[in-house]
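Listed below are the residues making up each chain.
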Amino acid sequence: MLEFDSVPQPMLWNRELALERVGGDLDLLREVAGIFLLDCPRAMGEIRDAISQGDAKRLEREAHSLKGAAASFGADPVVGVALALEMIGRRGQLAEAPAKFAELEEGLRQLEPELFLLSSSSI
């Protein structure tokens, strides 16, 4: 059986920080990753709908929630784009939101396989 420390450092999230945030409980980290992956499509749908409906408050709220979830893994690229969307919603100026949403989709497209490996691993 592989040791968690022997697995190469993921590129889009911080293994040590994520493990620290769950008190060193690797099984809990796997579970949190699984929950994140299950909830991500819903969250992205909410953000997409908020942008298309011009609902700045909803955009702010949903982007904030996704930002917090991604921060659990130290996934700074996704956190940064989610923060930008949160601020766009807070300012109520949604013209920049579609481009940032596309960035968020791309960031998650890259992050999700790494978290999937974590959630389904037996390391």
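Keep in mind it's a predicted model, so treat the numbers as computed, not measured.

Calculation notes
- Residues numbered from 1 in each chain as written.
- Predicted model: local features only at pLDDT ≥ 70, side-chain atom pairs only at ≥ 80, totals over all residues.
- Heavy atoms only, no water.
- Salt bridge = Lys/Arg side-chain N within 4 Å of Asp/Glu carboxyl O.
- Helix = DSSP H or I, 4+ residues; strand = E, 2+ residues; numbered from the N terminus.
- Buried < 20%, exposed > 50% of the residue type's maximum accessible area, 1.4 Å probe, protein only.
- Polar contact = N/O pair within 3.5 Å; in protein donor to acceptor, adjacent residues only side chain to side chain.
- Contact = heavy atoms within 4.5 Å.
- Core = buried A, V, L, I, M, F, W, Y, C linked by side-chain atoms within 4.5 Å.
- Axes fitted to C-alpha atoms, helices over the stretch in contact; angles between N-to-C directions.
- Parallel < 35°, antiparallel > 145°, perpendicular 65-115°, else oblique.
- Left-handed = near helix turned anticlockwise from the far one by under 90°.
- Nonpolar A, V, L, I, M, F, W, Y, C, P; charged D, E, K, R; others polar.

Caption draft 1: Inspection of the pattern of salt bridges at higher detail. One pass over the full model with this rule turns up 14 salt bridges. Between Arg90 and Glu60 there is a salt bridge, with its nearest N and O atoms 2.8 Å apart. Of this pair, Arg90 sits in helix α4 (residues 76-91) while Glu60 is found in helix α3 (residues 56-71), placing the two residues 30 residues apart along the sequence. The class of Glu60 is buried, set by a relative accessible area of 14%. One salt-bridge network, held together by shared partners, links Lys57, Glu60, Lys67, Glu86 and Arg90.

Caption draft 2: A look at the side chain of Glu60. In this structure the side chain of Glu60 is engaged in a polar contact, spanning 2.8 Å, whose partner is the side chain of Arg90. Look past the residues within four positions of Glu60 in its chain and what remains in contact with it is Glu86, Gly89 and Arg90.

Caption draft 3: Inspection of the nonpolar core at higher detail. By size, the foremost hydrophobic cluster in this structure holds 37 residues, and its most contacted members are Phe36 and Leu104. Going through the elements one at a time, α1 (15-21), α2 (26-53), α3, α4 and α5 (97-120) are the ones with two or more residues in this core. Counting residues per element, this core draws most heavily on α2, which supplies 11 residues.

Caption draft 4: Seen up close, the packing of α2 against α3. Here α2 crosses α3 at 155°, and the two axes come no closer than 9 Å. Taken together, the axes of α2 and α3 lie roughly antiparallel to each other. Here α2 and α3 pass one another in a crossing that is left-handed. The segment α2 lies against α3, with Phe36, Cys40, Arg42, Ala43, Met44, Glu46, Ile47, Asp49, Ala50, Ile51 and Gln53 engaging Arg58, Leu59, Glu62, Ala63, Leu66, Ala69 and Ala70. For the contact of α2 with α3, the class distribution of residues is 12 nonpolar, 1 polar and 5 charged.

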